[in-house]
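# Chains, contacts and geometry: an overview
Listed below are the residues making up each chain.
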Amino acid sequence: AMPRWVALNQGLARELEWPEALHQDPQALHVFSGNAIWPGMSPFASVYSGHQFGVWAGQLGDGRALLLGEIDSPAGPQEVQLKGAGATPYSRRADGRAVLRSSIREFLCSEAMHGLGIPTTRALSLVASPQPVRRETIETAAVVTRVAPSFIRFGHFEHFAHSGEEGHHEALKALVDFVVSHHYPELQGAPNRALALLDAVVARTADLMAHWQSVGFCHGVMNTDNMSILGLTIDYGPFGFLDAFDPNHICNHSDDHGRYSWNNQPQIGYWNLRALAQALLPLIPEAKDDSQIVIDVLQTYEQRFPQAMRARWRAKLGLQAEQEDDGKLAVELLQAMAAGKADFTITFRRLGDFRSDVAPDHPANAPVRDLFLDRAAFDAWALRYSERLKAEGSVDAERAARMRRVNPVYVLRNHMAQVAIQRAQKGDYSEVQRLYLLLQTPFDEQPGAEADAGFPPEWAQAIEVSCSS
């Protein structure tokens, strides 16, 4: 019903070597709203199962995602997928639609994460329609065009491992062979492809969790069907970036027990990898006699994640040399931040301008020091930080430049997305487009965007996001 463009990601269109003026092509609007196809496209939906909130839920999707096809690009083959274009064979009596509210959040956050250098699915376009869609209330429909090398999830493997249908193990093997040949070609000669794939996915997932933690990103619904086999951030639902730092923050209003809090994400990443390993067991005959083979691969997460996390904290603190107590220094800062609910993004950004050549309570350090309610706790930590910097011969100006490259000025805070949504629901898409441009370069201060770099307004605390979209 009367689709219209909300936003087009011209940067991604360029990367795909598609016309930047795609939005001026009337046929493109029909294709990206799910009403037409271009020659060569043969859309299909893909079924998967999974665990939701730690409980086996059986078949889950994909009820509202249609793959239009795979295209060649300078970055290699990319899949193009519509999310919200209508019912598929796997919609389970649902409408297969997405609403404008959640689609704006997905479009903006996909590109915000890409701007931050975090592996993610991308968003090429956002199309809206006045067609009514019933969720908690009547909302309007929207379609996001997503792009990624693959949308295959842990849940795809779980589906075939647990389906019990005749030939399901052959289907599972075919899926492993496909993923290895298309996305992990270096594993093709491995003695056991399934085991080698698990090892590679453990490494990518550990790195992704460290990425998320380092920018204060909360996914909100880390079910196994929302975990990418390529280690990409996938399925943006009730996500949130931390404002006031609370390690136990729960961004999903539906998450009654806090399973997916910020602090729990690395542990849940490991839980989900165990579910993937369980799904792959039929293809690892050696594990029947020696399950330690699989356990050893899984347990590499226990070294890989902390190692990746320490590297991230080290970069965020501007440290050049590697020392054993770097993790401790970061944790002590986070504890001081949590005690007074210091803003996560602003604290790390201002820390870049910390002067190590003067006392922590010197007026030059007030911008970062004043973020801490317990000034004495900050001063004690800052003295240790200064000593650490001096020990490695750190130069403040050079450290500040390094820290500005890894500590963003801008993240997609919930209140920013909410303003864009409210305006878009009235037919004004200018704020969606402004935020999209802003978040492409989140490390660079941009004129006129001071409010986006500031503290969230009081009303932002009342925003609630849930799985409903």
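Structure report, in brief. Predicted model, so just to flag it, every value in this text is computed and none were measured. (Residues numbered from 1 in each chain as written. Predicted model: local features only at pLDDT ≥ 70, side-chain atom pairs only at ≥ 80, totals over all residues. Heavy atoms only, no water.)

### Concerning the packing of aromatic side chains
This model, assessed by the stated rule, comprises 23 aromatic pairs. Ring geometry for Phe 53 versus Tyr 260: centroids 5.1 Å apart, planes at 35°, classification tilted. Of this pair, Phe 53 sits in the loop between strand E2 (48-52) and strand E3 (55-61) while Tyr 260 sits in the loop between strand E10 (240-241) and helix H7 (265-280), and the two are 207 residues apart along the sequence. Taking the relative accessible area as the measure of exposure, Tyr 260 reaches 1% and is therefore buried. A centroid spacing of 5.2 Å and a plane angle of 55° characterise the contact between Phe 344 and Phe 348, whose relative ring orientation is tilted. (Phe/Tyr/Trp six-rings, centres within 6.5 Å; stacked < 30°, edge-to-face > 60°. Helix = DSSP H or I, 4+ residues; strand = E, 2+ residues; numbered from the N terminus. Buried < 20%, exposed > 50% of the residue type's maximum accessible area, 1.4 Å probe, protein only.)

### Remarks on helix H6 (residues 193-215)
Over its 23 residues, H6 extends 33 Å from the first C-alpha to the last, a length consistent with the 33 Å expected when each residue adds 1.5 Å. Downstream of H6 by one or two residues, Gly 216 has phi in the positive range, about 70°. (Expected span 1.5 Å × (residues − 1).)

### As for the side chain of Gln 265
Within the secondary structure, Gln 265 sits in helix H7. Overall, Gln 265 belongs to the buried group, its relative accessible area being 0%. Residues within four places of Gln 265 in sequence aside, it is in contact with Met 209, Trp 212, Gln 213, Phe 217, Cys 218, His 219, Gly 220, Met 222 and Tyr 260. (Contact = heavy atoms within 4.5 Å.)

### Description of the state of the cysteines
The full count for this structure, using the stated rule, is 0 disulfides. Free cysteine Cys 109: the closest other cysteine sulfur is in Cys 251, separated by 10 Å. Given the relative accessible area of 0%, Cys 109 is considered buried. Of all cysteine sulfurs, the one in Cys 251 lies closest to Cys 218, which takes part in no disulfide; the gap is 4.9 Å. (Disulfide = S-S within 2.5 Å.)

### What to know about helix H4 (residues 154-162)
Structurally, the α-helix is built with 3.6 residues per turn, so residues lying three or four positions apart point the same way. Burial of H4 is extensive: 7 of the 9 residues sit out of reach of the surface. For H4, the full list of buried residues reads Phe 154, Gly 155, His 156, Phe 157, Glu 158, His 159 and Ala 161. Elements in contact with the buried residues of H4: E2, E3, helix H5 (168-183), H6 and H7.

### Thoughts on the side chain of Ser 103
With respect to the helices, strands and loops of the structure, Ser 103 is situated in helix H3 (residues 100-115). Apart from residues no more than four positions distant in its own chain, Ser 103 is found in contact with Ala 98, Leu 126, Ala 142 and Val 144.

### Quick notes on the nonpolar core
Among the nonpolar cores identified, the biggest contains 119 residues, and Phe 157, Leu 317, Tyr 385 and Leu 412 are the most heavily contacted of them. The biggest single contributor to this core is H6, with 14 residues. Each residue touching Phe 157, except ones within four places of it in the same chain, is listed here: Ile 152, Leu 172, Leu 175, Val 176, Val 179, Leu 197, Ile 229, Leu 276, Ala 279 and Leu 280. (Core = buried A, V, L, I, M, F, W, Y, C linked by side-chain atoms within 4.5 Å.)

### Description of unusual backbone geometry
With an omega of 10°, the peptide bond running from Gly 61 to Asp 62 counts as cis. Of note, Asp 62 is situated in the loop between E3 and strand E4 (65-71). In the Ramachandran plot, Glu 17 falls in the positive-phi region, its phi being about 60° despite a non-glycine side chain. By secondary structure assignment, the location of Glu 17 is in the loop between helix H1 (10-15) and helix H2 (26-31).

### Quick look at the environment of Arg 388
Looking at where Arg 388 falls in the secondary structure, it is placed in helix H14 (residues 375-391). Between the C-alpha atoms of Arg 388 and Gln 188, which are 200 residues apart in sequence, the distance is 45 Å. Not counting residues up to four positions away in its chain, the partners in contact with Arg 388 are Leu 319, Ala 321, Glu 322, Gln 323, Asp 326 and Leu 329. A distance of 3.0 Å separates a polar atom in the side chain of Arg 388 from a polar atom in the side chain of Asp 326. Polar contacts involving the side chain of Arg 388 include one to the side chain of Glu 392, which spans 2.8 Å. (Polar contact = N/O pair within 3.5 Å; in protein donor to acceptor, adjacent residues only side chain to side chain.)

### Considerations on the packing of H7 against helix H9 (residues 292-299)
The geometry of H7 relative to H9 is characterised by a closest axis approach of 10 Å and an angle of 150° between their N-to-C directions. Judged on the interaxial angle alone, H9 and H7 are roughly antiparallel. Pair H7 / H9 crosses with right-handed handedness. Here Tyr 270, Leu 273, Arg 274 and Ala 277 of H7 come into contact with H9, specifically with Val 294, Leu 298 and Gln 299. Grouping the amino acids of the contact of H7 with H9 by side-chain chemistry returns 5 nonpolar, 1 polar and 1 charged. (Axes fitted to C-alpha atoms, helices over the stretch in contact; angles between N-to-C directions. Parallel < 35°, antiparallel > 145°, perpendicular 65-115°, else oblique. Left-handed = near helix turned anticlockwise from the far one by under 90°. Nonpolar A, V, L, I, M, F, W, Y, C, P; charged D, E, K, R; others polar.)

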